[in-house]
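# Structure at a glance
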Amino acid sequence: MVLSHDAPSSGLCGRSLLGHLRQDAFHFPALNTSVAEARQRVLTRLREWGIDEVACDDAQLVVSELVTNAVRHTDSEKVSCQLRVSRVVVRIEVADQGDAPTEPRVRRSGTDEESGRGLLLVGALSREWGVRPDDSGHGRVVWADLPHGRHPH
């Protein structure tokens, strides 16, 4: 995990920046049903941008884990997601409004436990990932950079 402030926010949605960067931002209520909606939105957008299926599958898993954590472990009313694609990585950022006393961290789960492996999966699929404070000063952003094998068009 990398603690970082290098994940700036932008108001552009689904547009190309300098011909090399595509991005989209969206918000959902902090409900369990929002996880599937976020996963579908990410898949749809990445396919529109011509990203390979392996990266699409990995991105769906990562956004599922990050949105699930934001919904379950914070007192947020909404969860925000930003998706950016450059020539080499898909960056997923999930922001919450919560004031949880600890930062998200990888934990070791027992074989009988049904949860607790999400950030382990995020770390395994990502080039790097990290946590930074939300720009508003309330909540935090968990981000992950995933490699992809195809340049966005």
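Keep in mind that this is a model prediction, so the values were computed, not measured. (Residues numbered from 1 in each chain as written. Predicted model: local features only at pLDDT ≥ 70, side-chain atom pairs only at ≥ 80, totals over all residues. Heavy atoms only, no water.)

## As for the nonpolar core
Grouped together as the largest cluster of nonpolar side chains are 33 residues, with contacts concentrated most on Leu46, Ile92 and Val94. Considering each element in turn, this core owes the most residues, nine residues, to helix H2 (residues 53-73). Once residues lying within four places of it in the same chain are set aside, the contact partners of Ile92 are Ala59, Val62, Val63, Leu66, Cys81, Gln82, Leu83, Val142, Trp143, Ala144 and Leu146. (Core = buried A, V, L, I, M, F, W, Y, C linked by side-chain atoms within 4.5 Å. Buried < 20%, exposed > 50% of the residue type's maximum accessible area, 1.4 Å probe, protein only. Helix = DSSP H or I, 4+ residues; strand = E, 2+ residues; numbered from the N terminus. Contact = heavy atoms within 4.5 Å.)

## A short note on the pairing of strand E4 (residues 78-85)
Most of E4 is tucked away, with seven of its eight residues classed as buried. Both E4 and strand E5 (residues 89-95) contribute to a ladder of six bridges, which runs antiparallel. Paired with Val85 across the bridge in E5 is Val90. From the end of E4 to the start of E5, which pair antiparallel, there are three residues. (Pairing = 2+ DSSP bridges.)

## Comments concerning the pattern of salt bridges
Counted by the stated rule, this structure contains ten salt bridges. One salt bridge connects Arg47 with Glu53, and the closest N-O pair in it is separated by 3.1 Å. According to the relative accessible area criterion, Arg47 is partly exposed, its value standing at 46%. By relative accessible area, which is 38% here, Glu53 ends up partly exposed. Salt-bridge contacts for Asp135 lead to Arg132; the nearest nitrogen and oxygen are separated by 3.2 Å. A relative accessible area of 58% means that Asp135 is categorised as exposed. (Salt bridge = Lys/Arg side-chain N within 4 Å of Asp/Glu carboxyl O.)

## Considering the confidence of the model for the protein chain
Model confidence for the protein chain is summarised by a mean pLDDT of 79, while 72% of its residues fall at 70 or above. When the elements of the protein chain are averaged for pLDDT, strand E1 (residues 2-3) gives the smallest value, 38, and helix H1 (residues 33-48) the largest, 96. The low-confidence segment residues 1-19 (pLDDT under 50) makes 47 contacts with residues lying over four places distant or belonging to another chain. Under a pLDDT of 50 for its full length, residues 109-115 has, in the predicted model, eight contacts with residues more than four places off or in other chains. (pLDDT = per-residue confidence, 0-100.)

## Quick word on helix H3 (residues 118-125)
Within H3 the residues assigned to the buried category are Gly118, Leu119 and Val122. Down the axis, H3 shows its buried residues gathered within 90 degrees of arc, on one side only. (Arc of directions from axis to C-beta.)

## Remarks on the packing of H2 against H3
Relative orientation of the contacting elements H2 and H3 amounts to 145 degrees, with a least axis distance of 9 Å. The element H2 and its partner H3 pack so that their crossing is left-handed. Between H2 and H3, the contacting residues are Asp58, Leu61, Val62, Glu65, Leu66 and Asn69 on the first element and Gly118, Leu119, Leu121, Val122 and Leu125 on the second. By residue class, the composition of the contact of H2 with H3 is seven nonpolar, two polar and two charged. (Axes fitted to C-alpha atoms, helices over the stretch in contact; angles between N-to-C directions. Left-handed = near helix turned anticlockwise from the far one by under 90°. Nonpolar A, V, L, I, M, F, W, Y, C, P; charged D, E, K, R; others polar.)

## Describing the packing of aromatic side chains
Considering all chains together, one arrives at one aromatic pair under this definition. Summarising the aromatic geometry, the rings of Phe26 and Phe28 are spaced 5.4 Å apart at their centres and angled 75 degrees between planes, so their arrangement reads as edge-to-face. Over the face of the ring belonging to Trp143 we find Arg91, whose NZ or CZ atom lies 4.1 Å from the ring centre. (Phe/Tyr/Trp six-rings, centres within 6.5 Å; stacked < 30°, edge-to-face > 60°. Lys NZ or Arg CZ within 6 Å of the ring centre and 35° of its normal.)

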